[in-house]
Amino acid sequence: MDLSPEDAKLVTLARSSRARTKAEHGAAVRDRDGRTYVASTVNLPSVRVDALDLAVAMAVSSGATGIEAAALVGEMVPEPIVSGTAVRDVSGHGISVYLADPSGQVVRVRTT
């Protein structure tokens, strides 16, 4: 799948976050101003936060008013549910979320 350089960057950043933390998933989002935010799944005894939701929360806490695109990297079985994520809460419908395997190969694109 051919991605724009900006979308390929999201996949690369999400992949590195996952590798660095050895988390279930890594995620990256790009806000409407072109800034990127990266997160990994947090799985502690007291809290569990999905990587994609956390990346969106980081963007919003930094003042982002919308998300242009997102990437989620990790094992895709079972496929992560992205239609109800924070991406849609912030930006509505029609936002592309690139789902990539651990090697960074995009296996499908979901939209919010």
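Before reading on, note that the structure itself is shown above.
Here we summarise the structure given alongside this text. (Residues numbered from 1 in each chain as written. Predicted model: local features only at pLDDT ≥ 70, side-chain atom pairs only at ≥ 80, totals over all residues. Heavy atoms only, no water.)

As a further point, take helix α1 (residues 5-21). Across its 17 residues, α1 extends 24 Å between first and last C-alpha, which sits within 8% of the 24 Å expected from 1.5 Å per residue. Listing the buried residues of α1 in full gives Asp7, Leu10, Val11, Ala14 and Ser17. Projected down its long axis, α1 shows its buried positions confined to an angular sector of 130°, all on one face. Within α1, the exposed residues directed more than 90 degrees away from the buried face are Pro5, Ala19 and Arg20. Packed against the buried residues of α1 are β1 (25-31), β2 (36-40), β5 (67-74), β6 (96-100) and β7 (106-111). Two residues or fewer past α1, Lys22 is found with a positive phi of approximately 55°. (Helix = DSSP H or I, 4+ residues; strand = E, 2+ residues; numbered from the N terminus. Expected span 1.5 Å × (residues − 1). Buried < 20%, exposed > 50% of the residue type's maximum accessible area, 1.4 Å probe, protein only. Arc of directions from axis to C-beta. Contact = heavy atoms within 4.5 Å.)

Okay, the pairing of β7 next. As paired strands, β6 and β7 are joined by five bridges and run antiparallel to one another. Residue Tyr98 lies in a different strand from β7, and its bridge partner there is Val109. Taken together, β6 and the strand that follows it, β7, pair antiparallel across an intervening segment of five residues, in which Gly104 is found at a positive phi of about 95°. (Pairing = 2+ DSSP bridges.)

Non-glycine residue Lys22 carries a positive phi angle of around 55°. For Lys22, the position within the fold is in the loop between α1 and β1. The exposure class of Lys22 is exposed, given its relative accessible area of 73%.

What follows concerns the sheet that holds β6. By definition, the strands of a sheet pair up through backbone hydrogen bonds, in either a parallel or an antiparallel sense. Spatial strand order, β2-β1-β5-β6-β7: five strands in an open sheet with mixed pairing. The outermost strands of the open sheet, each flanked by one partner alone, are β2 and β7. Taking each pair of neighbouring strands and ignoring which way they run, the sheet shows an average axis angle of 15°. The sheet contact formed by β1 and β5 spans seven bridges and is antiparallel. What sits directly across from Arg30, in β5, is Ala69. Against the sheet, helix α2 (residues 51-61) engages β1, β2, β5 and β6, with an angle of about 140° to β2. (Axes fitted to C-alpha atoms, helices over the stretch in contact; angles between N-to-C directions.)

Counting residues in each nonpolar core, the largest one holds 19 residues, and the members touching the most others are Val29, Leu52 and Val87. Only β1, β2, α2, β5, α3 (86-91) and β6 provide two or more residues apiece to this core. For this core, the leading source of residues is α2, giving five residues. Contacts of Val29, omitting those with residues within four sequence positions, involve Leu10, Arg35, Thr36, Tyr37, Leu52, Ala55, Val56, Ala59, Ile67, Ala69 and Ala70. Within the second largest apolar cluster, ten residues are counted, among which are Ala28, Ala69, Tyr98 and Val106. (Core = buried A, V, L, I, M, F, W, Y, C linked by side-chain atoms within 4.5 Å.)

Once that is clear, we can look at α2. An α-helix turns once every 3.6 residues. As a result, residues three or four positions apart point the same way. Among the residues of α2, those classed as buried are Ala51, Leu52, Ala55, Val56 and Ala59. Around the axis of α2, the buried residues are gathered within 135° of arc, so they sit on the same side. Of the residues trailing α2, Gly63 is marked for its positive phi of about 100°.

All quantities given are derived from atomic positions and should not be read as evidence of function.
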